[in-house]
Amino acid sequence: MKNSMKTMGQLSVVLLICVLLGQGMWLNHVRKIKMEEFRKSANYVLLNTTYRYLYDEGINIAKSNRLTYSLTKDNRFYWRYDNKNDTIPIPSPDMVDKLGKLITYDCLNEHGLFNIFELNKLYITCLKEKNIVQNPILRVLNDEGEELQSTGNLKKNCNSIMTLPIELGYENKHQLLATFELPFVFRALSGILWVELIFMIGFIFCLVWQWCSIRMTVRSARIQTMGMTHLEHELKKPLATMISVVNGILEGKDSVLCPRDTTKLTMVKARLMKMADITDTMLTSLKTSVLMINREVIDLKFEMEMTTEMFSLIRPYARVGYRIAEGLEYPCLDKIYFNYVVVNLVDNAIKYGGTHPVVKVDFYTIGDNYVLTVEDNGMGIAPKDQKQIFKQFYRVKNQQVTKTTGFGLGLTFVHKVVCAYGGSIRLESELGIGSKFTITIPQ
């Protein structure tokens, strides 16, 4: 299943990249086709406009007897202007018109009558008839590529598109070119291609980052699972052993215990059994992230007495006090989980409370909510750590915390219990003064 999901993910990535590449190649191909269509249209209009201009100017020159050309009886092209004349063999009578335009240009050029600006105006008018609104720049080049005439210059760093050269002149061998600033639609397509390229690079980068993140998450999950298994082995087995030992002492026929010792051992046994239940439920919930709350009426005063008595035995240097508001001695709460919340918060308060820890536990109501507060005079928690304190396996990084044993699971489980109740937990803390946890639980 895992390998098939991995294969499907890889195939999905490859297909998406292929789609992006295909789309980019298609857009580029469409751009080339449209640019070629634009060039052909502009070139066709330029050719017709130029021949039309030369034809009209040739008629004007012919009126002054400067220019004449015709087809002789032996199918040769004859031309004359000023003191020049010649006959040219032609393969077909259809060449007469084209040769006449070339000779006309030679005549106009020698007399300085070829007006490229007039031709440009006529060209713009004809372009608009073809729905081409871009204004061209016309240039006349000689046979060495040097510019002889021009109607202007393009802006710097401006993308352009150029028509095919049109031959001008029979003897002069000049060429006429039209250059356009690249129309917006082609610039937009080019921009889209760049955006798509950037998007694809960003997408691949995100995929690589996500893949690395998933691998780290899976690795972390494996480590946490191994840690859970280790915790389960290290906690459950010693607890079972201690319960068995205490039970053997209490039920042993040869053991002589005073009533006070018997009471203490009974309380220790009850506390160990409760810890075993809490350990089972805590580890199960941490593995599955599912927590079921079973509310029942509990004797809160008895639970708090047992808690304070336990800490007086295992932490005799600490002072733990509690206060229950009048009428709240028997609230409806989950016996195991709520007791764990109190024990965990008090234990943390003592562990990080310095040499003379003082812990105050209050239980009261505000509106329709139970409120539990646990306040200490410990080292406090820095603001940067307060947002992380409820995360799994997180521990504050300072010398005092490092010296204290722990896995960073206690407050995580407390937070889960409070969320399972549908309540909230709030932390108020100042470094060197102490911390106060406030838990609100709906009744």
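The structure displayed is predicted, hence computed values, not measured ones.

Calculation criteria
Residues numbered from 1 in each chain as written. Predicted model: local features only at pLDDT ≥ 70, side-chain atom pairs only at ≥ 80, totals over all residues. Heavy atoms only, no water. Helix = DSSP H or I, 4+ residues; strand = E, 2+ residues; numbered from the N terminus. Buried < 20%, exposed > 50% of the residue type's maximum accessible area, 1.4 Å probe, protein only. Contact = heavy atoms within 4.5 Å. Areas by Shrake-Rupley, 256 points an atom, 1.4 Å probe, with all protein chains shown as cover. Axes fitted to C-alpha atoms, helices over the stretch in contact; angles between N-to-C directions. Left-handed = near helix turned anticlockwise from the far one by under 90°. Nonpolar A, V, L, I, M, F, W, Y, C, P; charged D, E, K, R; others polar. Pairing = 2+ DSSP bridges. Salt bridge = Lys/Arg side-chain N within 4 Å of Asp/Glu carboxyl O. Expected span 1.5 Å × (residues − 1). Polar contact = N/O pair within 3.5 Å; in protein donor to acceptor, adjacent residues only side chain to side chain. Phe/Tyr/Trp six-rings, centres within 6.5 Å; stacked < 30°, edge-to-face > 60°. Lys NZ or Arg CZ within 6 Å of the ring centre and 35° of its normal.

A.B. asks: Explain the overall build of the protein here, please?
C.D. replies: In terms of regular secondary structure, the protein is built from ten helices and 15 strands. Relative to its 443 residues, the protein shows a buried fraction of 35%. Within the protein, contacts between residues separated by at least 24 positions form 66% of all contacts whose residues are at least 6 apart in sequence. In the form shown here, the protein has an accessible surface area of approximately 26,800 Å², with 57% of it arising from carbon and sulfur atoms.

A.B. asks: I would appreciate a short explanation of the packing of helix H7 (residues 335-351) against helix H10 (residues 410-421) in the present structure.
C.D. replies: The relative placement of two packed helices is expressed as an angle between their axes plus a distance between the axes. Interaxial distance between H7 and H10 falls to 10 Å at its minimum, and their mutual angle equals 145 degrees. In this structure, H7 crosses over H10, and the sense of that crossing is left-handed. Every residue of H10 that contacts H7 at Tyr 337, Phe 338, Tyr 340, Val 341, Asn 344, Leu 345 and Asn 348 is listed here: Gly 410, Leu 411, Phe 413, Val 414, Val 417 and Tyr 421. Within the contact of H7 with H10, the residues separate by chemical class into ten nonpolar, three polar and no charged.

A.B. asks: Would you mind going over the sheet that holds strand S10 (residues 319-324) with me for this structure?
C.D. replies: Two orientations exist for strands paired in a sheet by backbone hydrogen bonds: parallel and antiparallel. Read from one edge of the open sheet, five strands run S10-S12-S13-S15-S14, paired in mixed fashion. Only two strands of the sheet have a single partner each, and these edge strands are S10 and strand S14 (424-430). Here the average twist between neighbouring strands, direction ignored, is 15 degrees. Here eight bridges tie strand S12 (residues 358-366) to strand S13 (residues 369-376), and the two strands are oriented antiparallel to one another. Within the sheet, the bridge partner assigned to Thr 365 lies in S13 and is Tyr 370.

A.B. asks: Before we go on, may I ask you to explain the pattern of salt bridges in this structure?
C.D. replies: Opposite charge on two side chains lets them pair, provided their charged atoms get close. Following the criterion strictly, the structure yields eight salt bridges and no others. Lys 351 is the salt-bridge partner of Asp 347, the closest N and O atoms lying 3.9 Å from each other. One end of the pair, Asp 347, and the other, Lys 351, are both in helix H7, four residues apart, so they sit about a helical turn from each other.

A.B. asks: How do you make sense of unusual backbone geometry when you look at a structure like this?
C.D. replies: Peptide bonds are mostly trans, and most non-glycine residues show a negative phi. Of note in this structure, Asn 75 is not a glycine but carries a positive phi near 55 degrees. Looking at the secondary structure, you find Asn 75 in the loop between strand S1 (67-71) and strand S2 (76-81). The class of Asn 75 is partly exposed, set by a relative accessible area of 44%.

A.B. asks: Sorry if this is basic, but what is going on with the sheet that holds S2 here?
C.D. replies: Pairing in this open sheet of three strands is antiparallel, and the strands run S1-S2-S3 from one edge to the other. Every other strand in the sheet has two partners, leaving S1 and strand S3 (84-89) as the edge strands with one partner each. Neighbour-to-neighbour, the strand axes of this sheet turn through a mean angle of 10 degrees, independent of strand direction. Bridge count for S2 against S3 is six bridges, and the pairing is antiparallel.

A.B. asks: I keep staring at helix H3 (residues 116-129) and nothing clicks. Help me out?
C.D. replies: Helical periodicity: at 3.6 residues per turn, an α-helix aligns residues three or four positions apart in one direction. In this model, H3 (14 residues) spans 20 Å end to end at C-alpha, consistent with the 20 Å of a helix rising 1.5 Å per residue. Looking at H3, one finds that the buried residues are Ile 116, Leu 119, Asn 120, Tyr 123, Ile 124, Cys 126 and Leu 127. A side-chain oxygen of the first residue of H3 lies 3.0 Å from the backbone nitrogen of Phe 117; this N-cap is Asn 115.

A.B. asks: It is not clear to me how the packing of aromatic side chains should be interpreted in this structure. Could you clarify?
C.D. replies: As enumerated under the stated definition, the model contains eight aromatic pairs in all. Centroid distance Tyr 69 to Phe 77: 5.8 Å. Interplanar angle 35 degrees. Geometry classified as tilted. Exposure remark for Tyr 69: the relative accessible area of 28% places this residue in the partly exposed category. With a centroid separation of 5.5 Å and an interplanar angle of 25 degrees, the aromatic rings of Trp 79 and Tyr 81 are classed as stacked. The class for Trp 79 is buried, based on a relative accessible area of 2%. The class of Tyr 81 is buried, set by a relative accessible area of 1%. One aromatic cluster is present, built from ring pairs that chain together Phe 38, Tyr 123 and Phe 180. Positioned over the ring face of Tyr 170 is Lys 173, at 5.5 Å from the centre of the ring.

A.B. asks: I'm lost on the pairing of strand S8 (residues 174-181) in this one. Help?
C.D. replies: Within a regular beta strand, the side chains point alternately toward one face of the sheet and then the other, so they alternate between its two faces. Buried residues dominate S8, accounting for six of its eight residues. Where strand S4 (residues 136-141) and S8 come together, six bridges link them in antiparallel fashion. If you follow Val 140 over to S8, its bridge partner there is Leu 176. Linking two consecutive strands that pair antiparallel, namely strand S7 (residues 166-168) and S8, is a turn of five residues; a positive phi of about 90 degrees is found at Gly 169 within it.

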